[in-house]
Amino acid sequence: MIPLQDSFFRVIDYLRISVTDRCNLRCVYCMPAEGVTPFHHDDILSYEEIIRVVRIAAGLGVRKVRLTGGEPLTRKNIAFLVAGIKKISGIEDLSLTTNGVLLAQQAAELADAGLDRVNISIDSFRPERFREITRGGDLGAVLRGLDAARKAGLAPVKINMVPVRGINDDEIEDFAKMTIDSDCHVRFIEFMPAGTGSLWGPEKYISADEMKEKIQQIAPLLPVRIRKNGPSKYYRLEGARGVIGFISALTHHFCNECNRLRLTSEGKLRPCLFSETEIDLRSSLRSGVSDEEIARLLRLSIEIKPKEHNLPKEHNLNGQGAGIRETVEYPVPGPQCGAEKRPMSRIGG
Ligand code: SAM
Ligand code: SF4
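Quick caveat, the model's predicted, so the values are computed rather than measured.

### Some thoughts on the site of ligand 1
Piece 1. In the region of ligand 1, 19 residues are neighbours, and Tyr29, Gly70, Glu71, Ser121 and Met192 sit closest.
Piece 2. Backbone polar atom of Gly70 to a nitrogen atom of ligand 1: 3.0 Å apart, as the coordinates give it.
Piece 3. Contacts to ligand 1 include Met192, whose backbone N or O atom sits 2.9 Å from a nitrogen atom.
Piece 4. Relative to its free-state accessible area of 550 Å², ligand 1 is covered by the protein chains to the extent of 95%.
Piece 5. Grouping the amino acids of the shell around ligand 1 by side-chain chemistry returns seven nonpolar, ten polar and two charged.

Right, here's the structure in full:
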């Protein structure tokens with residue numbers, strides 16, 4: 001099969017699906033304290049609709065699927081969706097990103113349903129600080145989830161941390177040290193001005209280079225090549241079992257390696273996390289169109305995938321205050337296309 005390529009010759013084989021915009025936490029960098037008004041249940045795609053989209057996307061060359069949100073484990077019977085996607089011919093890798101709060105109860109069932117791996121977001125190993133960052137989260141529950149994921153074989157478990165200056169940056173080295181004796185992956189994500197939490201400010205942002213400098217005080221960081229990892233760059237502390245990844249949206253424009261397409265919980269196809277252009281798949285799914293028409297819309301969303309995002313580069317962060325740079329105009333080729341500003345929890349980070 002000819003792989004799906006966008007206009008800039010990037011092979012698109014990865015679909016990230018937000019299964020819900022709801023969440024049981026309110027992380028300060030992602031959501032406002034009062035949360036975001038949730039979509040009505042009928043407005044979000046049913047599991048059957050999602051499975052149909054994945055089947056058609058797999059026919060076009062999509063090989064990797066990630067379930068995210070909001071918090072995917074808050075959606076009822078997510079194992080049903082996992083099992084449905086796993087059965088689709090062509091899907092080689094099925095993973096899920098979670099805050100881990102409900103993982104202890106669900107890890108074994110998800111593994112049995114066919115989930116390959118989980119990413120767990122943890123921004124502090126200090127219970128009080130964790131509670132503050134998540135506005136009420138219980139670190140103990142997340143650590144039990146982490147343990148259950150390992151026992152269920154959802155390996156390698158990847159831990160996502162967003163370092164924020166003055167909030168948790170003094171724990172960067174502790175997170176990195178976790179990889180010395182454990183084969184886990186610790187991934188540091190640069191804080192992005194993409195959430196609706198009120199926390200963003202350029203002074204809170206820490207670049208991947210600054211994180212690396214801190215971590216190199218522990219031991220030399222050696223580059224590691226991990227096949228098909230999209231925009232993350234991986235390293236290993238000399239002699240360590242696990243690896244350390246950096247996702248640096250702002251400092252190292254990672255767009256040239258972007259291999260993904262996103263589907264929001266209410267059925268909008270988003271070619272880029274940071275562009276507001278999207279294609280409405282839900283109305284087509286619900287008006288009885290053929291698989292060929294859904295495939296056409298999937299191809300269209302790949303055709304309009306922008307060359308790069310429009311976030312400010314690091315050197316523009318200070319000064320006039322960082323926000324999204326002036327909106328770059330992307331083509332809007334047809335009635336199904338529109339543009340909407342959305343919080344991260346609604347796109348699927
Ligand atoms: N609720 C799940 C979780 O927290 O893992 C999945 C959805 S969450 C939106 C996905 C990832 O986006 C998390 O790892 C989170 O830390 C990250 N994220 C959210 N807002 C962010 C921001 N403003 N900058 C960087 N990463 C962010
Ligand atoms: Fe919820 Fe994940 Fe956003 Fe935290 S980062 S508020 S857990 S969606």
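More follows now that the structure is in view.
### Details of the side chain of Arg187
Piece 1. If you trace the backbone, Arg187 turns up in strand β6 (residues 185-189).
Piece 2. Excluding its chain neighbours within four sequence positions, the residues that come into contact with Arg187 are Asn119, Lys158, Ile159, Asn160, Met161, Ser232, Tyr234, Gly245 and Ile247.

### Some points on the pairing of strand β2 (residues 64-68)
Piece 1. Of all the five residues making up β2, five are buried; the element is thus mostly covered by neighbouring parts of the structure.
Piece 2. Because side chains alternate across β2, one face comprises the buried residues Lys64, Arg66 and Thr68, and the other comprises Val65 and Leu67, equally buried.
Piece 3. As paired elements, strand β1 (residues 14-18) and β2 share five bridges and run parallel to each other. For Ser18, the partnering residue across the bridge sits in β2 and is Thr68.
Piece 4. Handedness of the β-α-β unit built from β1, helix α1 (residues 47-60) and β2 comes out right-handed.
Piece 5. Each parallel crossover has a hand, and for β2 linked through helix α2 (residues 78-86) to strand β3 (residues 93-98) it is right-handed.

Cut-offs and rules
Residues numbered from 1 in each chain as written. Chains lettered and ligands numbered in written order. Predicted model: local features only at pLDDT ≥ 70, side-chain atom pairs only at ≥ 80, totals over all residues. Heavy atoms only, no water. Near = heavy atom within 4 Å. Polar contact = N/O pair within 3.5 Å; in protein donor to acceptor, adjacent residues only side chain to side chain. Areas by Shrake-Rupley, 256 points an atom, 1.4 Å probe, with all protein chains shown as cover. Nonpolar A, V, L, I, M, F, W, Y, C, P; charged D, E, K, R; others polar. Helix = DSSP H or I, 4+ residues; strand = E, 2+ residues; numbered from the N terminus. Contact = heavy atoms within 4.5 Å. Buried < 20%, exposed > 50% of the residue type's maximum accessible area, 1.4 Å probe, protein only. Pairing = 2+ DSSP bridges. Right-handed = clockwise from strand over helix to strand, strands pointing away.

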